Structures are given as C-alpha cells and as structure tokens.
Amino acid sequence: MANAQSFSSISFHFLIPMISMFSLSVSSRHSIPNCPKTNTSVINFTSEFVMCQHQVRGSFSVINDCAFKVKDFDMINGGSDVYWWGAVGDSYKNLTNGYVISDEKLNATSYKNESFIVKLSKNVTWDDVKVVAVWKKSLESDFGHVVLEEKTDSPMSPAPAPALSDVKFNGSSVVKVVGEPTMFDNCKVLSDKYRLRWTVRLENNVIDIGLEGAIDIRDYMAFGWADPFKENDHMLGADVAVTGFTEKGHPFVDDYHITKYSECMTNKNGKAEGVCPDTMYVESDDRRERDLVNNTMLVYGHRKDGVSFIRYQRPLKSIDKRYDWNINVKKNMTCIWALGFIKPPDSIRPNYLPENHGKTYGHVHINVSEHVNDCLGPLDNKNKQDQELVIADEMEPLVVTSGPGLHYPNPPNPSKVLYINKKESPLLRVERGVPVKFSIQAGHNVAFYITSDPLGGNVTSRNRSETIYAGGPKAHGVKSKPKVLEWAPNRNTPGQVYYQSFFTQKMGWKVQVVDGGLTDMYNNSVLLDDQQVSFFWTLSKKSISIAARGEKKSGYLAIGFGSKMVNSFAYVGWVDANGKGHVKTYWIDGMNAQSLHPTKEHLTYVRCKSERGIITMEFTRPLDPNCDGDKKIECKNIVEPTSPFPIIWAMGAKWSSDHLTQSNMHSVTSNKPVRVSLIYGSAEVEEDLRPVLAVHGFMMFLAWGMFLPCGILAARYMKHVDGDVWFKIHVYTQWSGLTITFLGILFAAAELRGLHINLLHVKIGILTVILGCIQPINAYIRPKKGDVGEEPSPQRIFWEYIHTYCGRLAVFVGVFAIFSGMKHLGDRYDDENVRGLMRALVVWILAGVLTMLYLEYRRKRHLRQRIFGLGNWVLGDDVDVDEETDLLRRNRIHGVNVDKLALPSERSEIQLEPLST
C-alpha cells in the first residue's frame, strides 16, 4: 500500500511538469510574435461557417489579435485564387468591396476535416473586419463566411447556440438553433452518396439529425428507427422521417410510418396503408390530433453544389406510442435509410409520397451516445448544377426579364437578377449553328449581352477584357416595347459563355454551348467518294473551318488535299487510349510510313472525338499560311476558294503521333478524288476532263492564235493587192474566229456543267469575247469613207480608233487567255505536258511576231519606193493615194511619215527664152 502511495506521489509530481510543458506548447502554438493587442472584444469568439458553395463547413474561432483557428474544415477544391477575405458586412456590396486579410491561400485540392491556424496580414486588424469569408476573386464568389460578433458580459456559446423555448412538440422542448448550422457532434457514412449527422441533447429530450445526400433535387432522403422487436423485415413498422425539397426549392420533413411495402394508399376500409405520413393514419379530422403524431420539426435545409442537406429535430422519447419508437441512448438500435424519387402532391394525395427506392436503401446499427465521425471530407456530386435548364428553340424567342434574386447560383448577388422565361438565372443551353432570338424586357437600366466574362458589368473598370458575342449597351427594352436580339453561336463559340447585364455585375448566369448537328454548325457539306466520309466547311474572309466525319467505325480518319495521296497535304484525326482527341498535319511524298512528314500548320479550334467508333474531327486553318518567305513545305498548302480543289480520304485501325509503321497504313481509302467548290458548296467526282479541255484549248488557239490575227494582218498588209481581197479575208477570218470561239465556249460549258466565273481564266475569256464581239458591231455601224481626196469626217476617224485598237487589244487579251487556260489545266491535273504546250505556244507567238516585223519592213520599203515615184510625177499616175493614207494621222501613208521621207528640194530656176522663128 505504501509502495502504491509512493508510486502515486511520484507519478503526480512527474505529471505536473509534463502538463505544464504541454500547456506552454499549446500556448506558444497559439501565440504570434510581435502581435499587438488592439482589440480584445472578439477574442475567443467561436462560430461556424455559413455554407454557400463548395461544401464549406467547419468551426471558426478568434485566438488573438493576429490569427484565427479553423477546425474540422471541409471544402471542395475551388481553384487557384481562393483567399481569406474580410468585409465590413455580409451584404452583396460589402462583400464585393472586401479585401484579402491573409497571405495564406486555400489552394489545396480539397480540405477534409482539417484544422489549422491562419495568420492575418500585417496591415489587418479585427477592428476593420466584421465578416470573414472564403472568397474566389475571379468569380467574386462567397464559398462560406462567418459574421463576427463582439463579446458581451455573458459568455458566448459555440454555435449552434441552443436556447430553451416555450414551444413544445409531443412533450419535448424545441431547441432553437440560430443561423444556418451544418455542424454536428457525429457523422456516419450510410453510402457513398448519403450521410447521417446527429447531436444528442439529453436535457431537452431532443436529437438533432442532419441528412446529407449527393442526389437529384427531385429525390427524397429517408431515415428512421426500425421496430426494436423485429429481427428482420426492418422496413415494416419503422418510424421514418422523409425529407426533400418542394418544386419551389423549399425544404420539408414529415414523420412517416411503414405498414406495407407499397406506395401510400387507402384500402377498401378507408384506412391508409403503405409508406404513409403519420397524419394519414389518424382517422379523426381534428387538426390538433393530427399534429400530435407529427414528431419531426424542420430546422434548416439547403441545396448546394448538387448536395441536399436537411436538418430537423425529433424527440428521444415520444408521446406518440402508435407510430413512433423511442430512442434508447444507451444501446445499439437498428435504423433504416433509403433514397429515391418522390412524387409531389396532387389533387388526390396532399402529401409528398416516396416511390420505389430501387437498390439505394439499407439498415445500420447505431448507438446515438457513442461518438462517431467516419465522414472524411465533403460530399462531391458530379452533377453540381441545380439551376433550372432552359433550352433555346429556334422557333420561340427567349423572354428576358428581371426580378428578385432568391436562389442565385453564385452568391453574393445583387437584389435584382435576370430571368429567362420566368426562371431565375437558369442555365441556358444553345446549339452551335442554331440561331437564338431574345425578347429583352428587363427594363431600360438592364442592357443584355452575351459575354466571355463570368461577371459582366463594367469589365474595363476591373482592368479586364472580354469578348462580346451578342448584345451590348443598346440591347434593352420593356414589355410594351421589347428589344429583339438575335445570336447565332458557331463552331468557334466556346463551350461556356455567360449572359449578363452590361451595366451591373452578376445578374445572369451560364450559357452552355453544345454541338448541334454538323449540318447546323457549318454552311456547306458534301459526301466524298464512296459516300463513306462527310466533309463540312464554312468560309470566312481569311480562314476556313473544316469538319470531317467518317460514316463507318475506324481508329483514325484522314483527309488529303490532292488528287492522290502522294504529293498531298493530309489531316489525320484520332482518339488515343486516354480518350483525348488529336488532329495532326502531314505532307506525303511516298507510299510508305516513312513518307509521311509532320508539318506545323497553324490550326485553331481543334477537336476530335469518337462516338461508337465514328471519328469526327474539326479544325480551322488560314486560307493562306502567309509564311513570309519561309520555304517550308506547308507554306505551299494554300486554299484558293475560287478554284475547286480535290479531296481524298482514308481510314485505318490505329494511329500514333510518334513512330509511324506499316500498321498505321490505311485499311480503306477513296477510289477517286472529289473536287469541292468551296464558294458554291458543291462537289463532283473528279473525272479526266483533259480531252475536253484540250479540244476547247485547240479551238481557242485556232480562233485567237490563227484566224483573228490573220484577219488583222490581211487588213494591214494586203491593201496593195488589186480588188477587195484583203477585205474579204479580213471579214471571213474574223467571223470564223468568233464562231469557233463560241463553239469552244459552249463545248467547255456543257462538259463542265456551267461557267465558273470565279476562275481567272473565265474572267479573262469573258473580256476577250466582249472585245471580239465589239468588232462586228463596230463594222456594221462604221461611217462612210468619203470621196477620193475628201477630208475624212471626225466620226470616221473616231471609228478608226475604236475598230483598230479594240481589234488589237482583243487579240492580245485572247492570247493571254490561252496562257491562263493552259496554266489552269496544269494546276488542275499537275500535267507536265502542259508545260511543253506552253513552250510551243511561246514559239508560235514569237514566229508570229517575227513574221509581222518582216511584213512591216517590206511594207515600209514598198511605201518609200512609191513615195519616190511620186517625185517624178508630171501629169499623174494611176495610184489611189487615199487607199494608202492613214486616216488617224493624215501625214502618214501606211504608218510612214511622208514629211520625213521627202528629200530636201534644191532651188531651181527656169529661164524662159523666146522661140526663134
């Protein structure tokens, strides 16, 4: 005994320093060096966070003037810009005008029941802070906050602060709970998406219960106590609380009793049976008697981040002995739970009635007095969107109004927010390529617009930039005179944008932009060869947006710009093993895997997906790579919208971006290229039209390379021939050339199914034909020549100008048209024979020019001889000088300046002598 006392004394004296050291350790841990004591009114203040978003939950306490402690803190990851935030109040204006109060950020992936101390920044004191919030700066979002209250003479109890109330339900006092509490003493996991929380208050004969489920807003959460006298069939006879949310989003809880595995109904005897509220079992119409059997009382409920939370109270010992079971706090009891869809009230059944729970139910043994906390971290529902969904319809306009902000999805918010089709700030879903019409009736002080900024309002005041897709400061109206706004999202519109007010922040919400049909998203579409690949495109001023979709399952899809795979630019789309889509560009110069050379084309808005094995790829590229003199091969990949270009395709089993082998070669490919006209939105299988185009070219060569030039040469160099031979040759060759021209045009147009005026060759050809047709019209209306020796009239001179120079210009343009046609033929078929034909045409033109120079020389020499012959003329010579005269310049004969050719005359004297007889 003495030894025991000695041991106790030694132990006691040994523990005293240990306890002192522990106290000092705790005290030093909470103390902050150089912390001035400026405000002690909030020291030891304790409360819990009001949950707003991201499942923020935990207790908060001020430990000194420079720090506060957070305990059992939960939060779903909110991004990289989440801060501890201070404000002078919890209103929208005060919170948005707040500031960062700590250098420590909340950027962890997720917080799970964590406790830590947060130091205030050096320039922050509690005198300036009335609200501490978890704040995301980029979205101005309040995840959760605490309102600080100064201490009074009476000590402050931790929230939720209980206070006895005079209100009774079934012999038990209602414990009044202040605020919106989410903290409990205990938490137990019932399933991966359902949790039970509770706090026992023995002195008040009350248990606080919190049900928390990552479920749909239309689902119920049920929990209760089974019949303690049954070992199986725990559902039958159970005392259950059924919770949920009404259609207007209000929480509710009702006390149920289960008598049968069925939906609540009335049997033949007029008695309720099944899963029914306790009040339905009461046969009396006395409301007070009915209220006595409803032993649950709603405390608080909310719906945040796709998670339902209901807090309610019920007595531990109930006076309702028919439909309730007492809770024994000293032993394990069997409890049942279930989740499922709940049917709202109707004209026949005035209560919310649970339907079949499916497989989401179970039972558990709980002793409510034992401490349990196996809930690690917050519940995280994949579908966090609870806002009502409005799907835009092309036929019906969306009515935009304004109204009170009751359930705004991104708190805090102004008092007035935007409504669409009478729904508060709903999620708006639109389809790319489908026009959306808005009827704006929100008032002249609310300008509606679609923006890339999540807050809207005055973006420039926040030193930020935004992209405005529709609307703006003038998009406002009222019900009597609404403003109609149209918006057509295209494939380049991001997947998420926002509708907001141009003048006030945070009045609107998200716009979800989804892919419609590709035919809606793109202006044009064609089927490529064999109808196994669909090709879509939309042209803009400097770029083209392209999509290609296979019509059969494959591992990759490739399209190529060219008549064949070799010497073509290819675009390959595939989805890797991780489900990520890729689009890559290549230059192909051979028939094996080593002949595929990756290029670095500038592609934007790249997407590739596989749906049930069907590959769809999309991208936008510039029409002209504009490489600024760079000699890379991709710089030659120019898309000319005015010229139809050939497209081919291929599919295969798999693709790799790293090392290509023979296994990556295609398993199926197009048989023929399809020529696509980007401007006209048409396509045709490429056929070998070289014989047709060759005949067309030969006919044009006959017309503009032989007949028409010969007619011009005859008019200039054959006038010395007796008779009107030159005139006949001139007329017949001109008419023959024009006839052949029209026949060649008709022949080409018939084979090519029309004239593609966008082509340079066609434009030059049309100009040539116009100039050629002017000549016979000009000849028909020519003025009379006049008599020999008579001055020509001004009309005749003007006609000479028109006739001469139009004819020469027509031949010149015609020859240029022949060259452009041959170039177009070469570009279309990449035919080396065309180059040889162009060389031959150049030789022919040079021969014609040399012939013309020789004839011009002979003509001038002949003219000189005629002029010198005129110098010996005495009585006259039989020469029609007027035929030789150039009417355009009267001092010229056949273009030769007579004044320059005349020899200088010597002065001669003639002496007349009388005749001698």
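As the structure is a computational prediction, the values presented were derived from the model and not from experiment. (Residues numbered from 1 in each chain as written. Predicted model: local features only at pLDDT ≥ 70, side-chain atom pairs only at ≥ 80, totals over all residues. Heavy atoms only, no water.)

**Describing the overall build of the protein**
Here comes step 1: Per the secondary structure count, the protein includes 12 helices and 51 strands.
Here comes step 2: Burial statistics for the protein: of 917 residues in total, 45% are counted as buried.
Here comes step 3: Considering only residue pairs separated by 6 or more positions, the protein has 63% of its internal contacts joining residues 24 or more positions apart.
Here comes step 4: Accessible surface computed for the protein: about 49,900 Å², of which carbon and sulfur atoms make up 55%. (Helix = DSSP H or I, 4+ residues; strand = E, 2+ residues; numbered from the N terminus. Buried < 20%, exposed > 50% of the residue type's maximum accessible area, 1.4 Å probe, protein only. Contact = heavy atoms within 4.5 Å. Areas by Shrake-Rupley, 256 points an atom, 1.4 Å probe, with all protein chains shown as cover.)

**Regarding the pairing of strand β41 (residues 568-575)**
Here comes step 1: In terms of burial, β41 is a largely internal element, 7 of the 8 residues being buried.
Here comes step 2: Note that strand β40 (residues 556-561) and β41 share 6 bridges and pair antiparallel. Bridging across to β41, Ala558 finds its partner in Val572.
Here comes step 3: Of the strand pairs in this sheet, β41 and strand β42 (residues 581-588) are connected by 8 bridges, and their pairing is antiparallel. Considered in β42, the bridge of Ala570 is made with Tyr586.
Here comes step 4: Joining the antiparallel neighbours β41 and β42 is a turn of 5 residues, in which Gly579 adopts a positive phi near 85°. (Pairing = 2+ DSSP bridges.)

**Here we look at the nonpolar core**
Here comes step 1: Among the nonpolar cores identified, the biggest contains 28 residues, and Leu428, Phe438, Phe448, Trp487 and Tyr499 are the most heavily contacted of them.
Here comes step 2: Mapped by element, the contributors of at least two residues to this core are β27 (398-404), β28 (416-420), β30 (427-431), β31 (436-440), β32 (448-451), β34 (483-487), β35 (496-501) and β36 (510-514).
Here comes step 3: At 4 residues, β28 tops the list of elements feeding residues into this core.
Here comes step 4: For Leu428, the contacting residues outside a window of four places in its chain are Val390, Ala392, Leu398, Ile420, Phe438, Tyr499, Lys510, Val511 and Gln512. (Core = buried A, V, L, I, M, F, W, Y, C linked by side-chain atoms within 4.5 Å.)

**Some points on the environment of Glu634**
Here comes step 1: With respect to the secondary-structure elements, Glu634 resides in the loop between β45 (614-622) and β46 (645-652).
Here comes step 2: For Glu634, a relative accessible area of 10% translates into the label buried.
Here comes step 3: When the C-alpha positions of Glu634 and Trp587 are compared, they lie 7.5 Å apart, and in sequence the two are 47 residues distant.
Here comes step 4: If near-sequence neighbours (up to four positions away) are discounted, Glu634 is found in contact with Phe569, Thr599, Lys600, Glu601 and Pro625.

**What about the state of the cysteines?**
Here comes step 1: For the structure on display, the rule yields 3 disulfides.
Here comes step 2: Across the disulfide, Cys264 is cross-linked to Cys276 (sulfur-sulfur distance 2.0 Å). Classification of the bridge connecting Cys264 and Cys276 rests on its S-S torsion, roughly 105°, and on that basis the disulfide is right-handed. Separated by 12 residues along the polypeptide, Cys264 in the loop between β17 (251-258) and β18 (265-266) and Cys276 in strand β20 (residues 275-277) bring together distant segments of the chain. As far as burial versus exposure is concerned, Cys264 and Cys276 are alike and both buried. (Disulfide = S-S within 2.5 Å.)

**Some thoughts on the side chain of Asn381**
Here comes step 1: The topology assignment puts Asn381 in the loop between β25 (361-366) and β26 (389-391).
Here comes step 2: Residue class for Asn381 comes out buried when judged on its relative accessible area of 12%.
Here comes step 3: Within polar-contact distance, the side chain of Asn381 engages the backbone nitrogen of Asn383 at 3.2 Å. (Polar contact = N/O pair within 3.5 Å; in protein donor to acceptor, adjacent residues only side chain to side chain.)

**Here we look at the packing of aromatic side chains**
Here comes step 1: Counting across every chain of the model gives 33 aromatic pairs.
Here comes step 2: Between Phe49 and Phe73, the aromatic rings sit 5.7 Å apart at their centres with planes inclined by 65°, giving edge-to-face as the arrangement. Placement of the pair is Phe49 in the loop between β1 (46-48) and β2 (50-51) and Phe73 in strand β4 (residues 67-76), with a sequence separation of 24 residues.
Here comes step 3: Taking the relative accessible area as the measure of exposure, Phe49 reaches 0% and is therefore buried.
Here comes step 4: Residue classification places Phe73 among the buried residues on the basis of a relative accessible area of 0%.
Here comes step 5: Residues Phe60 and Phe68 carry aromatic rings whose centres are separated by 4.9 Å and whose planes lie at 40° to one another, so their mutual orientation is tilted. Comparing Phe60 with Phe68 shows no difference in burial state: the two are buried.
Here comes step 6: Between Lys137 and the ring centre of Tyr83, over which it is positioned, the NZ or CZ distance is 5.4 Å.
Here comes step 7: The ring of Phe184 is capped by Arg311, whose NZ or CZ atom sits 4.0 Å from the centre of that ring. (Phe/Tyr/Trp six-rings, centres within 6.5 Å; stacked < 30°, edge-to-face > 60°. Lys NZ or Arg CZ within 6 Å of the ring centre and 35° of its normal.)

**Let's talk about the sheet that holds strand β39 (residues 543-550)**
Here comes step 1: Ordered by their spatial adjacency, 5 strands build an open sheet running β37-β38-β39-β45-β44, and the pairing between neighbours is antiparallel. For this open sheet the edge positions go to β37 (524-527) and β44 (604-611), each flanked by a neighbour on one side alone. Across this sheet, the average inter-strand angle for adjacent strands is 15°, counted without regard to direction. (Axes fitted to C-alpha atoms, helices over the stretch in contact; angles between N-to-C directions.)

**Regarding the sheet that holds strand β3 (residues 57-64)**
Paired through their backbone hydrogen bonds, the strands of a sheet run either parallel or antiparallel.
Here comes step 1: Pairing is antiparallel across the open sheet formed by 4 strands, whose spatial order is β1-β3-β4-β7. Taken across any chain shown, the strands that pair with only one partner, and hence form the sheet edges, are β1 and β7 (110-119). For this sheet, the mean inter-axis angle between neighbouring strands, taken without regard to orientation, is 15°.

**Focus on helix α8 (residues 760-780)**
Residues lying three or four places apart along an α-helix face the same way, a consequence of the helix completing one turn every 3.6 residues.
Here comes step 1: The terminal C-alpha atoms of α8 lie 31 Å apart, and with 21 residues this matches the ideal 30 Å at 1.5 Å per residue to within 8%.
Here comes step 2: What α8 keeps buried is the set Val762, Ile764, Gly765, Thr768, Val769, Leu771, Gly772, Gln775 and Asn778. (Expected span 1.5 Å × (residues − 1).)

**Focus: a negative patch on the surface**
Here comes step 1: There is a patch of like negative charges on the surface, built from Asp393, Glu394, Glu396, Glu431 and Asp520.
Here comes step 2: Structurally, Glu396 can be placed in the loop between β26 and β27.
Here comes step 3: Residue Glu396 is classed as exposed on the basis of its relative accessible area, which comes to 52%. (Patch = residues over 30% accessible without salt bridge, like charges linked within 9 Å, V, L, I, M, F, W, Y side chains within 5 Å. Salt bridge = Lys/Arg side-chain N within 4 Å of Asp/Glu carboxyl O. Lys, Arg positive; Asp, Glu negative; His and termini not counted. Charge placed at Lys NZ, Arg CZ, Asp CG, Glu CD.)

**Details of the pattern of salt bridges**
Here comes step 1: According to the stated counting rule, one finds 21 salt bridges in the structure shown.
Here comes step 2: Note that Arg197 is salt-bridged to Glu212, the shortest N-O span being 3.1 Å. Of the two residues, Arg197 is situated in strand β13 (residues 194-201) and Glu212 in strand β14 (residues 206-213); the sequence distance between them amounts to 15 residues. In this structure, Arg197 and Glu212 share a single accessibility class: buried.
Here comes step 3: Ionic pairing is found between Lys609 and Glu611, a salt bridge with its closest N-O pair at 3.6 Å.

**With respect to the environment of Leu485**
Here comes step 1: Positionally, Leu485 belongs in strand β34.
Here comes step 2: Here the alpha-carbon distance between Leu485 and Gly471, two residues 14 residues apart in the chain, equals 6.8 Å.
Here comes step 3: The contacts of Leu485, once residues within four sequence positions are left out, are Val436, Lys437, Phe438, Ile440, Phe448, Ala470 and Gly471.

**A look at unusual backbone geometry**
Here comes step 1: Here the residue pair Pro411 and Pro412 is connected by a cis peptide bond, since its omega of -5° sits within 30 degrees of zero.
Here comes step 2: Here Pro412 is to be found in the loop between β27 and β28.
Here comes step 3: The residue Gln531 is not glycine, and still its phi comes out positive at about 55°.
Here comes step 4: With respect to the helices and strands, Gln531 occurs in the loop between β37 and β38 (533-539).

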